[in-house]
Amino acid sequence: MELTNITGLKGQVTIPGDKSISHRSIMLGSIAKGITEVHNFLEGADCLATIECFRKLGIEIEKNQDTVVVHGKGLHGLTPPTDILDVGNSGTTTRLLAGILCGQEFDSKISGDESLNSRPMKRIMEPLTQMGANISSILRNDCAPLYITKGKLHGFHYDSPIASAQVKSCILLAGLYADGETSVTEPNLSRNHTELMLKEFGADLMSAHELTNTRTTASVRPCQELYGQKITVPGDISSAAYFIAAGLLVPDSEILIKDIGINPTRAGFLKVCEDMGGDIILQNEHFCGGERVADILVRTSNLHGITIEGSIIPTLIDEIPIIAVMAAMAEGTTIIRDAEELKVKETDRIETVTDNLKAMSCDVTPTFDGMIIEGGKPLLGATIHTLLDHRIAMAFSIAALVAEGTTNILDSDCVDVSYPSFYDTFELLL
Ligand code: S3P
């Protein structure tokens, strides 16, 4: 994909449904009794992989564009898969599904693409094993493919060394099948969509204090059944972030982005935009199925560098590539630290972000847990190596809109993982 710079992005857009919530709607819908109807489901490759996995586990799932109907069979209704469960590029599918499968009476195998099969799974295998699960790495490298056989799960408490919603959710989902209460404490609060949705489905759950971040423990007790729900998935803030950044950076722009999920455990990006001097207004705030939602109005702004560190990091971890692009265009220095988790995403994002920013002539230094960006110098068009990482493709497509000359995004089709219509949304703003 070749892109050049532009001015004056104007108009109103809606953004496809939240990826994290879409995954969870299929998973909980499948293990709940009765019908779960999902609206604004994200039709990205990751979430479609989740649907395929649950179909292989015997669940009937009807899909008509972004409306999905899941015919849930209850907590003990999954049936043995005839085939390996293919999770594609999706870490969320792998880790949450593994939690559910450890509670089943049958054997299963999970595998994905090359990137997925090199991501760390010890972080779930260790606590699941402590609960009594039988889960192993087939190649004995602590990565997928994973092999799961029948175990006997006990309620337990896990002190997680990392703030990871995937780890927390994996354990809580396994906890539905345990013989007592299961709880997870994390060093900082990660996204809490699993907790919110489990409550909606009728689970006996206590969640961390959402707003003040004073408690970072979530716990679940085994229950008889979960019950199917009607879910409207809010727009994905991680996808909206590219358009928010475009609105802030591209001269003479004004964009209204409708119905975006602004759950405080996900919305660190909005705080960073404000702290950098961005003109952002939230309108029409309301709740939808336990999730906070708003429209976001963005106007072109002069940004300045800031330091981003500590407890805010898990609330914006997927937005760091686009934050780095904003920092390159902002006056002064931006420091990102405490973000070592970037190394184990779809690519090592400390490396992919800093390598590509350097290619665009930005003065950036990678560090062991983040990066230091000296902003304010013009970016120059370059060839961007996405390494098939969707968030790198999208972040550097925004960089291309404000860079001098032409930028070539290699393998730009990888946006299909989380946002197949990404480039179409732009057409609406030209
Ligand atoms: C996700 C959690 C995050 C995030 C990922 C989606 C989720 O990963 O990076 O894109 O849906 O739970 P970690 O929980 O591993 O940080």
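Residues numbered from 1 in each chain as written. Predicted model: local features only at pLDDT ≥ 70, side-chain atom pairs only at ≥ 80, totals over all residues. Heavy atoms only, no water.

### What to know about the overall build of the protein
Link 1 in the chain: Each helix and strand counted, the protein has 12 helices and 23 strands in total.
Link 2 in the chain: The C-alpha atoms of the protein give a radius of gyration of 21 Å, which matches the 22 Å a tight globule of 430 residues would have.
Link 3 in the chain: Its C-alpha atoms give the protein principal-axis dimensions of roughly 60 × 40 × 40 Å.
Link 4 in the chain: Classification of the 430 residues of the protein by burial places 59% in the buried group.
Link 5 in the chain: Considering only contacts in the protein between residues 6 or more positions apart, those separated by 24 or more positions represent 75%.
Link 6 in the chain: Within the protein, the 57 negative side-chain charges are centred at a point lying 6 Å from the centre of the 34 positive side-chain charges. (Helix = DSSP H or I, 4+ residues; strand = E, 2+ residues; numbered from the N terminus. Rg over C-alpha atoms; globule rule 2.2 N^0.38 Å. Buried < 20%, exposed > 50% of the residue type's maximum accessible area, 1.4 Å probe, protein only. Contact = heavy atoms within 4.5 Å. Lys, Arg positive; Asp, Glu negative; His and termini not counted. Charge placed at Lys NZ, Arg CZ, Asp CG, Glu CD.)

### Things to note about unusual backbone geometry
Link 1 in the chain: Looking along the chain, the bond that leaves A144 and enters P145 is cis, with omega of 0 degrees.
Link 2 in the chain: For P145, the position within the fold is in the loop between β8 (134–137) and β9 (146–149).
Link 3 in the chain: Non-glycine residue D252 carries a positive phi angle of around 60 degrees.
Link 4 in the chain: With respect to the secondary-structure elements, D252 resides in the loop between α7 (237–249) and β15 (254–261).
Link 5 in the chain: Of note, the phi angle at N284 is positive, near 55 degrees, even though the residue is not glycine.
Link 6 in the chain: Mapped onto the elements, N284 comes out in strand β16 (residues 279–288).

### Remarks on the site of the ligand
Link 1 in the chain: In the neighbourhood of the ligand, the contacting residues comprise K19, S20, R24, T92, S164, A165, Q166, R191, I317, D318 and K345.
Link 2 in the chain: Measuring from an oxygen atom of the ligand, one finds a side-chain N or O atom of D318 at 2.6 Å.
Link 3 in the chain: Between K345 and the ligand, the recorded distance is 2.7 Å, taken from a side-chain N or O atom to an oxygen atom.
Link 4 in the chain: Contact with the protein chains removes 95% of the 390 Å² of surface that the ligand exposes when unbound.
Link 5 in the chain: With respect to the pocket detection grid, the ligand is positioned in the largest pocket.
Link 6 in the chain: For the shell around the ligand, the elements supplying multiple residues, two or more each, are α1 (19–31) and α5 (165–175).
Link 7 in the chain: For the shell around the ligand, the element with the highest residue contribution is α1, accounting for three residues. (Near = heavy atom within 4 Å. Polar contact = N/O pair within 3.5 Å; in protein donor to acceptor, adjacent residues only side chain to side chain. Areas by Shrake-Rupley, 256 points an atom, 1.4 Å probe, with all protein chains shown as cover. 1 Å grid on protein atoms, 1.4 Å probe; cavity = no way out; pocket = protein on both sides within 12 Å on 5 of 7 lines; lining within 4 Å. Sits in = over half its atoms within 2 Å of the grid points.)

### Details of the side chain of R123
Link 1 in the chain: As for its position among the elements, R123 is in helix α4 (residues 122–131).
Link 2 in the chain: The buried category is assigned to R123, whose relative accessible area is 16%.
Link 3 in the chain: At 2.9 Å, the side chain of R123 forms a polar contact with the side chain of E341.
Link 4 in the chain: Excluding residues that lie within four positions of it along the chain, R123 makes contacts with R95, Y158, I162, S164, V167, E341 and V344.

### Digging into the UniProt feature "binding site: 3-phosphoshikimate" (unreviewed entry) in the protein
Link 1 in the chain: According to UniProt, the positions carrying the feature "binding site: 3-phosphoshikimate" (unreviewed entry) are K19, S20, R24, S164, Q166, D318 and K345. Within the annotated group, the residues that form the lining of the largest pocket are K19, S20, R24, S164, Q166, D318 and K345.
Link 2 in the chain: Turning to its location among the elements, Q166 is positioned in helix α5.
Link 3 in the chain: Q166 has contacts with G91, T92, R95 and L96, leaving out every residue within four places of it along the chain.
Link 4 in the chain: A polar atom in the side chain of Q166 sits 2.4 Å from the side chain of R95.
Link 5 in the chain: On the basis of relative accessibility, which here comes to 16%, the residue K345 falls in the buried class.
Link 6 in the chain: Other than its neighbours up to four places away in sequence, K345 contacts R119, I317 and D318. (UniProt positions renumbered as here; feature names shortened; annotations may be inferred.)

### Points about the layout of surface pockets
Empty space among the atoms can be located by rolling a probe the size of a water molecule over them.
Link 1 in the chain: Approximately 600 Å³ is the volume found for the largest pocket.
Link 2 in the chain: Considering the residues around the largest pocket, the lining is formed by 39 residues, among which A163, S164, I317, E341 and K345 are closest to the centre.
Link 3 in the chain: Mapped by element, the contributors of at least two residues to the lining of the largest pocket are α1, α3 (91–101), α5 and α11 (390–402).
Link 4 in the chain: When the residues that make up the lining of the largest pocket are grouped by side-chain class, the tally is 10 nonpolar, 12 polar and 17 charged.
Link 5 in the chain: Two domains share the lining of the largest pocket, each providing at least three of its residues, namely domain 1 (2–16 + 234–428) and domain 2 (19–232).
Link 6 in the chain: Here the second largest pocket is characterised by a volume of approximately 390 Å³. (Points joined across faces, edges and corners; volume = space filled by probe spheres on them. Nonpolar A, V, L, I, M, F, W, Y, C, P; charged D, E, K, R; others polar. Domains from an automatic or database assignment.)

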